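Observations on the three-dimensional arrangement
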Amino acid sequence: MSTSSSIPASGTSETVVMKIVPLIKRLVRSPLSAVGLGIVAVFMVVGLLAPVLTPYDPLAQDLPNRLAPMTREHLFGTDTLGRDILSRFVLGTRISFTIGVVVTGISATAGTLIGLVSGYAGGWVDEAFMRLADIFLAFPSLILAMAIAAVLGPSLTNTMIAIAVVEWPVYSRLVRGQVLSLREKEFVEAARAVGASRHVLLLRHILPNCLAPILVRMTMDMGGVILTAAGLSFIGFGAQPPTPEWGVMISEGRDYIMSHWWISTWPGLAIFTVVMGFNLLGDGLRDLLDPRLKE
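Residues numbered from 1 in each chain as written. Predicted model: local features only at pLDDT ≥ 70, side-chain atom pairs only at ≥ 80, totals over all residues. Heavy atoms only, no water.

**Considering the overall build of the protein chain**
The condition is simple: Comment: elements are numbered from the N terminus, with helices defined as DSSP H or I runs of at least four residues and strands as E runs of at least two. Buried means the residue's accessible area, taken with a 1.4 Å probe over protein chains only, is under 20% of the maximum for its type, while exposed means over 50%, and partly exposed covers the values in between. Here the accessible surface of atoms and residues is derived via Shrake-Rupley with a 1.4 Å probe, and residues count as covered only by protein chains that are part of the display.
When helices and strands are tallied, the protein chain shows 12 helices and 0 strands. For the protein chain, the sequential pattern of α-helices and β-strands runs α-α-α-α-α-α-α-α-α-α-α-α. Across the 295 residues in the protein chain, those meeting the buried criterion constitute 44%. Just so you have it, the protein chain exposes about 15,100 Å², and 68% of that area is on carbon and sulfur atoms.

**Regarding the environment of Leu144**
Rule in force here: Contacts are assigned to residue pairs with any non-hydrogen atoms lying within 4.5 Å of each other.
Position of Leu144 among the secondary structure elements: in helix α6 (residues 141-152). In contact with Leu144, other than residues within four places in its own chain, are Phe136, Phe139 and Val166.

**A word on the side chain of Ser87**
As for its position among the elements, Ser87 is in helix α4 (residues 85-121). Ignoring anything within four residues of it in the chain, the contact list for Ser87 reads Thr54, Pro55, Tyr56 and Pro58.

**Examining the pattern of salt bridges**
This is how the line gets drawn: Whenever a carboxyl oxygen of Asp or Glu lies within 4 Å of a side-chain nitrogen of Lys or Arg, that contact is scored as a salt bridge.
One pass over the structure, following the stated rule, counts 10 salt bridges. The shortest N-O distance in the salt bridge between Glu127 and Arg131 comes to 2.6 Å. Linking Glu127 with Arg131, this pair stays in helix α5 (residues 123-137), spanning 4 residues, or about one helical turn. Through salt bridges with shared partners, one network takes in Asp79, Arg83, Arg88 and Glu252.

**Quick notes on helix α9 (residues 198-206)**
Rule in force here: Along the arc lie the directions from the helix axis toward the C-beta atoms.
What α9 keeps buried is the set Leu201, Leu202, His205 and Ile206. All buried residues of α9 lie within an arc of 120 degrees about the axis, which places them on one face of the element. Seen from the open side of α9, the exposed residues pointing more than 90 degrees away from its buried face are His199 and Arg204. Looking at the buried residues of α9, the elements they touch are α4, α7 (156-182) and α8 (186-193).

Function-wise, these values are silent; they only describe arrangement.
Pasting the structure below:
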């Protein structure tokens, strides 16, 4: 009987590939998971090909053509400065996905390392890290991110730093809980008995068995990070004009929502769709990777 219910502690790259391919096949069998994967894939492709897909310069102003409705020349219309909304929308996809990937990667990496050390070391180390995490978790995430962004100054980089600082405690607590349940397992005891060092135990035996919940959490957090970044940009703490970020685009069109709805509607729909896509994909991954949910 296997001593681990998650990802194996070791294995070749071929074994990993052999496990990933069936996982993707099982994921797309679920209609909702397939929809989520499709949404995320489409937006990722749009972001990667943004320089090719933009019909106009996203920053080019055309004041005589400002607030133009949707036409064949401007499929999404133009904004208050005559800029093509479709071009800004496409480039905004790249910016938003960059924010999601960078912030989620930083917060997941930092939180995972802290959770590994905290859960395995225990004692005062565990207490110190967890009390620090409690301090961050005691504040609403958006309010804390606003405060940090305000201190650092409004910019896209500072927005990513602020959100990453807010998000890491979630991963540290998640990983700590996994480590506490894994460090007394038979395969860890066996590795310890043959003289494996602490970092080998953590990185080769414990960490691989924590990857499934981390991956699910990262997938579901991507949409939340994009939404938070757009919210900070909307209120002026994030990306600044003329950057074609979705939150900035919604903010620029809020005074014209009744008469020229297309300025804010397209980026708003993009945020809604992306968040829903990541949530559906995360739910599907959780159902596949959590052995307690398998029949």
